[in-house]
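Breakdown of the fold
As a plain string of letters, each chain reads:
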Amino acid sequence: AVVSTQSTGDDNGGLVYLYRLIDGYCLHSRATNVARLAGIDQSIVDRADEILSLTAAEKHPLQPERVKDDNFENCQTVVKRFLETNFEFEESSYEFISWLKNNLR
């Protein structure tokens, strides 16, 4: 799902952003910029940019020859840890970023 954003004026002349969830991919994500600022390893950020570009070009990002056996288990661990993290709490977010920095070197 993707968050669709619309802006509209309010009674005070300001902007009000309206959000709704729609099916599909977000092709204008700023996640890689946030990851770069958070100190995530550049090779991981580069791969995320590559996947975003492939998705935008409607190509499948996980071509079998691109998956490296030695890194596959590490990727699974990162995804599992990400899905287990409750990002509603700032402390959990910092713990996840710290874990990434310490375990992906």
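Going by the structure above, here's the rest.
Residues numbered from 1 in each chain as written. Predicted model: local features only at pLDDT ≥ 70, side-chain atom pairs only at ≥ 80, totals over all residues. Heavy atoms only, no water.

This paragraph deals with the overall build of the protein chain. When its secondary structure is counted, the protein chain shows 4 helices and 2 strands. Reading the protein chain from its N terminus to its C terminus gives the helix and strand order β-β-α-α-α-α. Counting only residues that meet the buried cut, the protein chain has 15% of its 105 residues in that class. Across the protein chain, the fraction of contacts at a sequence separation of at least 24, relative to all contacts at a separation of at least 6, is 18%. Approximately 8800 Å² of the protein chain is accessible, and the part contributed by carbon and sulfur atoms is 52%. (Helix = DSSP H or I, 4+ residues; strand = E, 2+ residues; numbered from the N terminus. Buried < 20%, exposed > 50% of the residue type's maximum accessible area, 1.4 Å probe, protein only. Contact = heavy atoms within 4.5 Å. Areas by Shrake-Rupley, 256 points an atom, 1.4 Å probe, with all protein chains shown as cover.)

Right, let's get into helix α2 (residues 42-56). The end-to-end C-alpha distance of α2 is 21 Å, a good match for the 21 Å that 15 residues give at a rise of 1.5 Å each. Within the sequence span of α2, burial applies to V45, L54 and T55. Against α1 (31-37) lie the buried residues of α2. One or two positions beyond α2, positive phi appears at E58, with a value near 60°. (Expected span 1.5 Å × (residues − 1).)

With that settled, the discussion passes to the nonpolar core. Core analysis: the largest hydrophobic core is formed by 8 residues, namely A35, A38, I40, V45, V78, F96, W99 and L100. Here this core takes 3 residues from helix α4 (residues 90-103), the largest share from any one element. Look past the residues within four positions of A35 in its chain and what remains in contact with it is I40 and V45. (Core = buried A, V, L, I, M, F, W, Y, C linked by side-chain atoms within 4.5 Å.)

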